[in-house]
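Observations on chain architecture
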Amino acid sequence: MRWRSRCPRSKGQKSTKSSKYEDLQMLTYILSCLPLSDQKEASLVSRAWYCAAQNALREDASVLSLISVLSPSLRVLDLSSCVALTNRTLQAICAYLTHLSVLRLAWCKELRDWGLLGLGEPSEEPTQEPQLHQELEHQASGPKEPPQPQGPSLLMLRALQELDLTACSKLTDASLAKVLRFPQLRQLSLSLLPALTDKGLVAVAKGCPSLEDLVLSHCSLLSDEGWAQAASSWPRLRHLNLSSCSQLTEQTLDTIGQACKQLRMLDVSMCPGISMAAIRHFQAQLPQVACIQSRFVGGADLTLTL
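What counts as what
- Residues numbered from 1 in each chain as written.
- Predicted model: local features only at pLDDT ≥ 70, side-chain atom pairs only at ≥ 80, totals over all residues.
- Heavy atoms only, no water.
- Helix = DSSP H or I, 4+ residues; strand = E, 2+ residues; numbered from the N terminus.
- Buried < 20%, exposed > 50% of the residue type's maximum accessible area, 1.4 Å probe, protein only.
- Contact = heavy atoms within 4.5 Å.
- Areas by Shrake-Rupley, 256 points an atom, 1.4 Å probe, with all protein chains shown as cover.
- Core = buried A, V, L, I, M, F, W, Y, C linked by side-chain atoms within 4.5 Å.
- Pairing = 2+ DSSP bridges.
- Axes fitted to C-alpha atoms, helices over the stretch in contact; angles between N-to-C directions.
- Salt bridge = Lys/Arg side-chain N within 4 Å of Asp/Glu carboxyl O.

1. Section: the overall build of the protein
When helices and strands are tallied, the protein shows 11 helices and 8 strands. The burial tally for the protein puts 43% of its 306 residues in the buried class. A fraction of 76% describes how many contacts in the protein between residues 6 or more apart in sequence connect residues 24 or more apart. With the model as given, the accessible surface of the protein reaches about 15,900 Å², and the carbon-plus-sulfur share is 54%.

2. Examining helix α4 (residues 87–96)
Extensive coverage of α4 is indicated by the burial of 7 of its 10 residues. Those residues of α4 that fall on the buried side of the exposure criterion are Asn87, Thr89, Leu90, Gln91, Ala92, Ile93 and Cys94.

3. Considerations on the nonpolar core
Core analysis: the biggest nonpolar cluster contains 67 residues, and Leu154, Leu180, Leu190, Leu216, Trp227 and Trp234 have the highest contact counts within it. Tallying contributions element by element places α4 first for this core, with 4 residues. In contact with tryptophan 227, other than residues within four places in its own chain, are Leu201, Leu214, Leu216, Trp234, Leu240, Leu242, Leu248, Thr252, Thr255 and Ile256.

4. A word on the sheet that holds strand β7 (residues 265–267)
Spatial strand order, β1-β2-β3-β4-β5-β6-β7-β8: 8 strands in an open sheet with parallel pairing. Whereas interior strands pair on both sides, the edge strands pair on one side only; in this sheet they are β1 (76–78) and β8 (291–293). Neighbouring strand axes in the sheet, compared pairwise and without regard to direction, differ in orientation by 5° on average.

5. Regarding helix α10 (residues 250–259)
All of the buried residues in α10 are Thr252, Leu253, Thr255, Ile256 and Gly257. Looking at the buried side of α10, the elements it contacts are α9 (224–230), β6 (239–241), β7 and α11 (276–285).

6. Topic: the pattern of salt bridges
Across all of its chains, the model carries 4 salt bridges by this definition. Of the charged contacts, one joins aspartate 78 and arginine 104 as a salt bridge, the two residues approaching to 3.6 Å between their closest N and O atoms. With aspartate 78 in strand β1 and arginine 104 in strand β2 (residues 102–104), this pair connects stretches of sequence that are 26 residues apart. The class for aspartate 78 is partly exposed, based on a relative accessible area of 43%. Note that lysine 170 and glutamate 110 form a salt bridge whose closest N and O atoms lie 3.4 Å from each other. Linking lysine 170 in the loop between β3 (162–164) and α7 (173–179) with glutamate 110 in the loop between β2 and α5 (113–117), this pair joins segments that are 60 residues apart in sequence. Residue lysine 170 is classed as partly exposed on the basis of its relative accessible area, which comes to 28%. Accessibility expressed as a relative area gives 8% for glutamate 110, which makes it buried. Salt bridges sharing common partners tie together Asp78, Arg104 and Glu162.

Here's what the structure looks like:
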């Protein structure tokens with residue numbers, strides 16, 4: 001969505017109004033790709049940069065203002081690459097658009113655990129987020145049920161069948177293990193989530209047992225142990241992307257081969273712990289797998305032999 005700046009023109013400039021507007025739009029786009037903290041710093045550079053930063057921030061406000069007037073029966077919402085999207089806006093989506101079946105939030109890098117959980121914004125993030133992790137871990141280990149969210153959480157979207165959280169890099173097990181509980185979910189992407197661990201993987205497997213398409217590429221904390229516990233919950237998996245999961249070995253391939261008999265496509269590219277011999281064994285174990293992406297497995301380098 002585009003916004004015209006109300007910043008006054010400098011009298012000494014000879015450029016046309018349209019060219020200045022295009023320059024501002026380009027600067028706004030560039031700043032919108034930055035985290036909010038960097039946008040605030042950029043706004044101090046000059047008057048033009050301040051206007052562009054304000055426009056970038058309004059993109060989130062525009063989405064927020066539209067949510068309440070959209071039809072509650074809306075089924076598909078794609079906000080991919082809306083990097084300024086805030087947790088407040090996500091909670092509004094959960095409150096007003098409860099019939100969504102497809103929600104794409106890839107590269108919405110400002111989303112945090114408290115936003116997904118429906119909690120209030122911590123007053124001091126550096127100290128509050130570790131406390132949030134500790135509280136959730138205590139609740140998970142104790143006999144009592146965790147308290148209800150203070151506001152709308154992702155759990156309100158009960159009709160979800162596709163969810164994309166690619167590169168929402170501030171999300172952790174603290175929220176993913178609590179809100180990814182969608183029995184009808186078919187497609188899920190948690191790619192490029194550096195804080196996702198085996199604990200989160202197992203919780204997602206139990207909460208989303210109907211998955212058919214799962215993307216977990218570049219989740220470097222996932223291990224064979226996590227897959228040993230999670231794989232049996234996903235007998236319907238047909239497409240699985242584990243590329244660049246650096247801790248996985250052939251043990252995970254054996255686990256998947258035994259538990260995921262419906263698998264048709266597997267990507268283990270750039271997994272240094274998986275060898276070509278293990279992939280050939282996997283193909284023999286599951287001949288119905290039509291496509292296996294295995295570029296640069298086993299720590300292979302990129303040297304070409306002519």
